[in-house]
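Residue-level structure breakdown
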Amino acid sequence: MHLNDTSLLETRAFVAGEWISTTGKLTVVNPADSTILVEVADCDRTIAARSISFAASAQVLWAKRTAKDRASILRRWYDLVVANADDLAMILMSEMGKPLAEAHGEVLYGASYIEWFAEEAKRVYGETIPGHAEDKRLLVLRQPVGVVAAITPWNFPNAMIARKIAPALAAGCAIVAKPAAETPLSALALAVLAERAGLPKGLLSILPSSDAVGMGREFCENPTVRKISFTGSTNVGRILMKQGADQIKKLSLELGGNAPFIVFDDADIDVAVDGLIASKFRNAGQTCVCTNRIYVQADVADQFATKLAQKVATLKVGAGSDPASQIGPLISMAALAKVEDHVADAVSGGAKLVLGGHGAGGTFYMPTVLAGCNATMKITREETFGPVAGLIRFESEAEVIAAANDTEFGLAAYVFTRDLARSWRMMEALECGMVGVNTGHISTELAPFGGIKQSGMGREGSRHGLEDYLELKYCCISM
Ligand SMILES: NC(=O)C1=CN([C@@H]2O[C@H](COP(=O)(O)OP(=O)(O)OC[C@H]3O[C@@H](n4cnc5c(N)ncnc54)[C@H](O)[C@@H]3O)[C@@H](O)[C@H]2O)C=CC1
Ligand SMILES: O=C(O)[C@H](O)CS(=O)(=O)O
């Protein structure tokens, strides 16, 4: 791994403002070739408890500082992240596998949340309300929640943790974060830069750990933790909800998805194909907002399948270090097995293999197109999390709305049509948190990212993203 600044490859844990080693080690592997990259500190609940306790005292002082102070430190952090983007991208690619260009894009995407919340930090406005009596004056204060615990996934190891640390600090909170065991290095490198930006000791802790369950329990059971922000699978989100219930823990949950991608017969087919490539094959299909079901109206189904297969056939599979690679490895052999199972299940259920349908060595999987899929197949009921596009024909708008909504998930959806009225009907009818119309890539720090149903609760980014880290306090003053 060539880095301009080798100090960004940090293998110690960031605990209460100190860099510490541990006797136990967490091994970080390069998914492209299964070679061992490094060993990092492996934290346990006692270390988590120490981080949380220290965070509580640091947070009181941080909340007393001016919003402008907090904003300027976040801005310095943003500038450092951008200045070191090449190294951060190299670290990200090495531990997660995505192509270097995509990794670089993720670093800048993560940085955009830091920039955004450096600005929003100065806009935590309160309210005055006309009183209910002549001698009454009503105020609403917005105050930081306190100590936050964050748990993040492996698929966006930089952006997902930046998307939580930035608003927490902007709101005046402190935060302890446990990155995925597979990908701790990006989070540690961000902490190196946050420290360089002048972030006071103890406000941020990064706790790599092989004991996800134990760390989650500490976060849920430690009363000093006032909020948990989680990004990951719906199953784990459910566990955290149950564990946090005893203390009515505040929760933000960004969970799994099962995005429908709907192509009407009046759509621009080339635009729809490009939209599907963007939405299905980004990060080798390993994103929560990836298209997972592709509904194509019958009259254009064959044309769409042909054009899609031609485009998918050009996608190059390879290690992220190869500049020509567009589809990197899946994160693990288990992830590969799930993709293979979904394809086998679809084919045995009658789907036609149009392209791909097999591995490419290691955890690599060929970009795949299946036609003739239906609602009985795993590929439409479960999140595939791989580079497989399963096409489903439909006849009418009413039929596809019912099919698209026939899932416990509700994160993202995509609609391709040139009919303005139809686009409005679809935006209003689809049960999800985000809709792309004639586009397959919707994520930006400017907009509220999140889902409904079993895809989670709360929103990240946008002017809404700070709310999850603030409490409202109503004050009634009698003159
Ligand atoms: N809605 C969103 O924004 C996103 C959702 N996801 C979802 O995450 C999943 C893929 O990511 P994974 O890392 O495999 O998900 P995962 O849920 O297995 O792991 C996510 C994080 O939770 C931790 N974890 C696992 N079990 C835990 C437990 N019992 N208690 C506390 N923490 C625990 C893991 O160590 C990791 O840090 C997919 O379902 C994907 O859709 C991923 C990224 C973004
Ligand atoms: O982890 C994910 O899937 C991300 O939330 C997807 S995005 O924000 O990069 O679109």
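An unreviewed UniProt entry annotates the protein as Succinate semialdehyde dehydrogenase of Pseudorhodobacter antarcticus. Here is the UniProt Sequence similarities (unreviewed entry) comment for the protein, exactly as written: "Belongs to the aldehyde dehydrogenase family."

We now examine the site of ligand 2. Inspection of the region around ligand 2 gives Tyr-109, Asn-155, Phe-156, Met-160, Arg-163, Arg-282, Thr-287, Cys-288, Val-289, Ser-443 and Phe-449 as its neighbouring residues. In the environment of ligand 2, an oxygen atom lies 2.4 Å from a nitrogen or oxygen atom belonging to the side chain of Ser-443. For ligand 2, the accessible surface in isolation is 290 Å², of which the surrounding protein chains cover 99%. For the shell around ligand 2, the per-class residue count stands at six nonpolar, three polar and two charged. Counting residues domain by domain, the shell around ligand 2 receives three or more from each of domain 1 (6-255 + 455-478) and domain 2 (259-437).

Moving on to the site of ligand 1. The local shell around ligand 1 holds 26 residues, among which Thr-152, Gly-232, Ser-233, Leu-255 and Glu-383 are the closest. With respect to ligand 1, the side chain of Arg-163 contributes an N or O atom lying 3.3 Å from an oxygen atom. For ligand 1, an oxygen atom lies 3.3 Å from a polar atom in the backbone of Gly-232. Out of a free accessible area of 830 Å², ligand 1 has 86% covered by protein chains. It is helix 7 (residues 212-221) that provides the largest number of residues to the shell around ligand 1, a total of three residues.

A few words now on the UniProt feature "domain: Aldehyde dehydrogenase" (unreviewed entry) in the protein. Listed under "domain: Aldehyde dehydrogenase" (unreviewed entry) in the UniProt record, and renumbered for this structure, are residues 19-474. Taken end to end, residues 19-474 has its terminal C-alpha atoms 40 Å apart, with 40% of it in helix and 21% in strand.

This part takes up the pattern of salt bridges. When charged atoms on two side chains of opposite charge get close, those side chains can pair. For the structure on display, the rule yields 24 salt bridges. Note that Arg-45 and Glu-221 form a salt bridge whose closest N and O atoms lie 3.0 Å from each other. Taken as a pair, Arg-45 in helix 1 (residues 45-64) and Glu-221 in helix 7 lie far apart in primary sequence, 176 residues in all. You can call Arg-45 partly exposed: its relative accessible area is 28%. The exposure class of Glu-221 is partly exposed, given its relative accessible area of 37%. Through salt bridges with shared partners, a single ionic network connects Arg-45, Arg-217, Glu-218 and Glu-221.

Now for the side chain of Ser-252. The topology assignment puts Ser-252 in strand 11 (residues 250-254). Look at Ser-252 and you get buried, because its relative accessible area is 5%. Setting aside anything within four residues of it in sequence, one finds Ser-252 in contact with Lys-227, Ile-228, Ser-229, Phe-230, Met-457 and Asp-468.

We now examine the domain arrangement of the protein. Many structure descriptions define interface size as the accessible area lost when the parts assemble. Under the domain assignment, the protein is made up of domain 1 (6-255 + 455-478) and domain 2 (259-437). Measuring from the centre of the C-alpha atoms in domain 1 to the corresponding centre in domain 2 gives 31 Å. Buried surface at the junction of domain 1 and domain 2, both sides included, amounts to about 1600 Å², of which 60% is carbon and sulfur. When residues of domain 1 are sorted by the area they lose upon contact with domain 2, Pro-99, Trp-154 and Ser-455 head the list and together hold 30% of the total. Between domain 1 and domain 2 we count zero salt bridges in total.

This paragraph deals with helix 6 (residues 185-196). When the terminal C-alpha atoms of helix 6 are compared, their 17 Å separation across twelve residues agrees well with the 16 Å that a helix rising 1.5 Å per residue should span. Among the twelve residues of helix 6, ten are classified as buried, and the element is accordingly described as predominantly covered. Among the residues of helix 6, Leu-185, Ser-186, Ala-187, Leu-188, Ala-189, Leu-190, Ala-191, Val-192, Leu-193 and Ala-194 are the ones counted as buried. Once helix 6 finishes, Gly-198 follows within two positions and takes phi at roughly 100°, a positive value.

Here we come to the state of the cysteines. Disulfides are covalent bonds that link the sulfur atoms of two cysteine residues. Under the defined criterion, the tally for this structure stands at zero disulfides. As a non-bridged cysteine, Cys-290 has Cys-288 as the owner of its nearest cysteine sulfur, 8.1 Å distant. No disulfide involves Cys-432; its nearest neighbouring cysteine sulfur is the one of Cys-288, lying 12 Å away.

The rules behind the values
Each residue is numbered by its place in its chain's sequence as written, counting from 1. Naming scheme: in the order in which they are written, chains are lettered from A and ligands are numbered from 1. It should be noted that, the model being predicted, local features are given only for residues of pLDDT at least 70 and side-chain atom pairs only at 80 or more, the latter also being counted only at that level, while totals for whole chains, interfaces and linings use all residues. Side-chain numbers come from the whole structure's heavy atoms, not from hydrogens or water. UniProt positions are given in the numbering used here, feature names are shortened, and annotations may be inferred rather than shown by experiment. What makes a residue near a molecule or strand is one non-hydrogen atom of that residue sitting within 4 Å of it. In protein, a polar contact means a hydrogen-donor-capable atom and an acceptor-capable atom, both N or O and within 3.5 Å, with residues adjacent in sequence counting only if both atoms are side-chain atoms; elsewhere, any N or O pair within 3.5 Å suffices. For accessible areas, the Shrake-Rupley method is used with a probe of radius 1.4 Å. Any residue's cover is judged against the shown protein chains and nothing else. Classification convention: Asp, Glu, Lys, Arg as charged; Ala, Val, Leu, Ile, Met, Phe, Trp, Tyr, Cys, Pro as nonpolar; all other residues, Gly among them, as polar. The domain limits used here are those given by an automatic or database domain assignment. The secondary structure listing takes helices from DSSP runs of H or I that are at least 4 residues long and strands from runs of E that are at least 2 residues long, numbered from the N terminus. Definition used for salt bridges: Asp or Glu carboxyl oxygen within 4 Å of a side-chain nitrogen of Lys or Arg. Only protein chains enter the accessibility calculation, which uses a 1.4 Å probe; a residue whose area is less than 20% of its type maximum is buried, one above 50% is exposed, and one in between is partly exposed. Contact between two residues is taken to exist if any of their heavy atoms lie within 4.5 Å; hydrogens are not considered. Buried area is calculated as the accessible area (1.4 Å probe) missing from two parts once they are joined, with the contributions of both summed. In this analysis, the expected span of each helix is defined as 1.5 Å times one less than the number of residues it contains. Cysteine sulfur atoms that come within 2.5 Å of each other are treated as a disulfide pair.

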